[in-house]
Amino acid sequence: MPARVFNFSPGPATLPQEVLLQASKDIVNFNNSGIGLIEMSHRSKDFIAITDETERLLRELMNIPANYKVLFLQGGASTQFAMVPMNLLGPDKTATYLNTGTWSKNAIKEAKLIGKVEVAFDSEGTKFDRLPDNLDFSSANDKEYLYFVSNNTIFGTQFHEFPKTKTTMICDMSSDILSRPVDVSSFGIIFAGAQKNMGTAGCTVVIIRDDLLDLAPATLPTMFKYKTHADKGSMFNTPPCFGIYTVGLVLKWLQAQGGVPAITEINNKKAALVYQAIDATDFYRGHAQKPYRSKMNITFNLPTPELEAKFVKEALAKDLNGLKGHRSVGGIRASIYNAFPLDGVERLVEFMGVFAKQNS
Ligand code: PMP
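Residues numbered from 1 in each chain as written. Predicted model: local features only at pLDDT ≥ 70, side-chain atom pairs only at ≥ 80, totals over all residues. Heavy atoms only, no water.

Trainee: With reference to specific residues and values, describe the site of the ligand.
Mentor: Neighbouring the ligand are 13 residues; Ser-78, Thr-153, Asp-172, Gln-195 and Lys-196 lie closest to it. Trp-103 is positioned such that a nitrogen or oxygen atom in its side chain is 3.4 Å from an oxygen atom of the ligand. Within the side chain of Gln-195, a nitrogen or oxygen atom sits 3.0 Å from an oxygen atom of the ligand. Taken together, the residues of the shell around the ligand break down into four nonpolar, seven polar and two charged. (Near = heavy atom within 4 Å. Polar contact = N/O pair within 3.5 Å; in protein donor to acceptor, adjacent residues only side chain to side chain. Nonpolar A, V, L, I, M, F, W, Y, C, P; charged D, E, K, R; others polar.)

Trainee: So what about the domain arrangement of the protein chain? Which residues, and what values?
Mentor: Its domain assignment divides the protein chain into domain 1 (17–256) and domain 2 (258–359). Centre-to-centre separation of domain 1 and domain 2, based on C-alpha positions: 27 Å. Across the boundary between the two partners, domain 1 contributes 29 residues, which contact 25 residues of domain 2. Where domain 1 abuts domain 2, roughly 2,200 Å² becomes buried across the two surfaces, and 55% of that area is made up of carbon and sulfur atoms. Taken together, domain 1 and domain 2 are joined by zero salt bridges. Our count for the contact surface shared by domain 1 and domain 2 stands at 19 residue pairs in polar contact (both at pLDDT 80 or more). Taken together, the elements giving at least two residues each to the side of domain 1 that touches domain 2 come down to strand S7 (157–158) and helix H6 (241–256). Of the residues forming the side of domain 1 that touches domain 2, the biggest block, four residues, is contributed by H6. Residue composition of the side of domain 1 that touches domain 2, grouped by class: twelve nonpolar, ten polar and seven charged. (Domains from an automatic or database assignment. Contact = heavy atoms within 4.5 Å. Buried area = accessible area lost by both parts, 1.4 Å probe. Salt bridge = Lys/Arg side-chain N within 4 Å of Asp/Glu carboxyl O. Helix = DSSP H or I, 4+ residues; strand = E, 2+ residues; numbered from the N terminus.)

Trainee: Please provide a residue-by-residue account of the packing of aromatic side chains, values included.
Mentor: In the structure shown here, the tally under the stated rule is 21 aromatic pairs. Each ring, one from Phe-6 and one from Phe-340, has its centre 6.2 Å from the other, and the planes form 45 degrees; the classification is tilted. One end of the pair, Phe-6, is in strand S1 (residues 6–7); the other, Phe-340, is in the loop between strand S14 (332–335) and helix H9 (342–359), and 334 residues separate them in sequence. Given a relative accessible area of 15%, Phe-6 falls into the buried group. A relative accessible area of 2% places Phe-340 in the buried class. Consider the rings of Phe-311 and Phe-351, whose centres lie 5.0 Å apart with planes at 65 degrees: the pair is edge-to-face. With Phe-311 in helix H8 (residues 305–317) and Phe-351 in helix H9, this residue pair connects regions lying 40 residues apart in the sequence. A relative accessible area of 7% places Phe-351 in the buried class. One aromatic cluster is present, built from ring pairs that chain together Phe-81, Tyr-97, Trp-103, Tyr-145, Tyr-147 and Phe-191. (Phe/Tyr/Trp six-rings, centres within 6.5 Å; stacked < 30°, edge-to-face > 60°. Buried < 20%, exposed > 50% of the residue type's maximum accessible area, 1.4 Å probe, protein only.)

Trainee: If you had to explain the side chain of Thr-246 to someone new, which residues and values would you point to?
Mentor: For Thr-246, the position within the fold is in helix H6. Assessed through its relative accessible area of 2%, Thr-246 is described here as buried. Those residues within four positions of Thr-246 in sequence are excluded, and the remaining contacts are Leu-15, Val-19, Met-198, Gly-199 and Thr-200.

Trainee: Provide a residue-level description of unusual backbone geometry, including the pertinent values.
Mentor: Note that the residue after Gly-11, namely Pro-12, is joined by a cis bond; omega there is -5 degrees. Note that Pro-12 resides in the loop between S1 and helix H1 (17–28). Within the chain, Asn-32 stands out as a residue other than glycine whose phi angle is a positive 60 degrees. Within the secondary structure, Asn-32 sits in the loop between H1 and helix H2 (45–62).

Trainee: Please set out the pattern of salt bridges residue by residue, giving values where relevant.
Mentor: In this structure the tally under the stated criterion is 13 salt bridges. Between Glu-118 and Lys-143 there is a salt bridge, and its shortest N-O distance comes to 3.7 Å. Taken together, the residues span a long stretch of sequence, with Glu-118 in strand S4 (residues 116–122) and Lys-143 in the loop between S4 and strand S5 (145–149) at a distance of 25 residues. With a shortest N-O distance of 3.0 Å, Lys-227 and Asp-231 are connected by a salt bridge. Here Asp-231 and Lys-227 lie together in helix H5 (residues 226–231), a separation of four residues that amounts to about one turn. With a relative accessible area of 32%, Lys-227 lands in the partly exposed category. Here the salt bridges do not stand alone but share partners, grouping Glu-53, Arg-56 and Glu-60 into one network.

Trainee: Residue-level account of a nonpolar patch on the surface, with values.
Mentor: On the surface, Ile-27, Val-28 and Ile-38 cluster together to form a nonpolar patch covering roughly 270 Å² of accessible area. Mapped onto the elements of the fold, Val-28 is located in helix H1. (Patch = residues over 30% accessible without salt bridge, like charges linked within 9 Å, V, L, I, M, F, W, Y side chains within 5 Å. Areas by Shrake-Rupley, 256 points an atom, 1.4 Å probe, with all protein chains shown as cover.)

Trainee: How would you explain H9 if you had to name every residue and give the values?
Mentor: The end-to-end C-alpha distance of H9 is 26 Å, a good match for the 26 Å that 18 residues give at a rise of 1.5 Å each. Along H9, the positions that sit buried rather than exposed are Gly-344, Val-345, Leu-348, Phe-351, Met-352, Phe-355, Ala-356 and Asn-359. Projection of H9 onto a plane perpendicular to its axis shows the buried side chains occupying an angular sector of 130 degrees, all on one side. Within H9, the exposed residues directed more than 90 degrees away from the buried face are Glu-350, Lys-357 and Gln-358. Taken together, the buried residues of H9 touch S1, helix H7 (259–279), strand S12 (297–301), H8, strand S13 (320–321) and S14. (Expected span 1.5 Å × (residues − 1). Arc of directions from axis to C-beta.)

Trainee: Give a description of helix H4 (residues 102–114) that names residues and reports values.
Mentor: In a regular helix each residue adds 1.5 Å, so 13 residues correspond to 18 Å; H4 covers 19 Å between its end C-alpha atoms and thus fits that length. Those residues of H4 that sit buried are Ser-104, Ala-107, Ile-108 and Ala-111. In an axial view of H4, the angular spread of the buried residues amounts to 105 degrees, which keeps them on one side of the axis. Opposite the buried face of H4, at more than 90 degrees from it, the exposed residues are Lys-109, Lys-112 and Leu-113. Structurally, H4 contributes buried residues whose contacts are with helix H3 (76–88), strand S3 (94–99), S4 and S5.

Here you go:
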């Protein structure tokens, strides 16, 4: 394995080294079968065993109740922005959305093509630096569902407690799935692109309560119905084979770390270190308001854009890669998902201290 740098990329994101090494072997020759992993039929015994094991691990790690289906789909998390309303909304029906960042905004746009949308919270006016204080969303009780994004990858905010409502909750957990314990039974649908906390791009995990499978209009084309994929165990058509396999490897790795409770502790520690470094000086200014700070994507600014560019450049020379913030916020973003190592965070924090002293 060539020397690796610390990769703060927001997604696709860093993967555990053992996952990369295993995948590099299996791609060429899976299990000494003489066939490479990405050449195998998705209907072969070997590949069905991979899918079953991946689903079993996810169910175990997230404690997914028996009345939920796990689907491995394609089209990225963005396709879910449309599939959710296509399956659950209709022209005369209303859904409630919380607009907390780019990804909720994109989802709202899609839902409006299908039905009516009520936006019950919107923080765009303050550059999406906050989330609702009051989590009572009983205003959504008579709507089809309440939709929100648990962690706002670009702006660096995260719900530390979830909204309260009697209607079905739909959550985009693309950037914090498996980073902390979640009670799956309080959601109707949880979905997540795999490329941050679970594996590679090209595979989207959908966890859906089974009573929601029958709500889609009959006129909805087959590939867009959740039921199509649920009935066929994600094998209605060729699934994202390599993506499913990688999710399986990452879940095995996560289990070996001690599962979600153990990774939660490490995530808390990593995030606390970076926020301490931000708060230690006026030189750094966190973008997210304190109560809503994300433990996955940490966003901050320096006094000037020039200093931010210098920070990114000098960090790179210290093997700290991918720290440039998203173009819509500017500044710095450190994405520290499950697989990002603690020693990389320690290296960043040390660099932040030195850089602030030298440039204040
Ligand atoms: N939701 C969230 C929270 C995201 O961070 C992203 C991508 N960064 C998306 C949705 C879109 O995912 P995709 O590119 O897989 O469509």
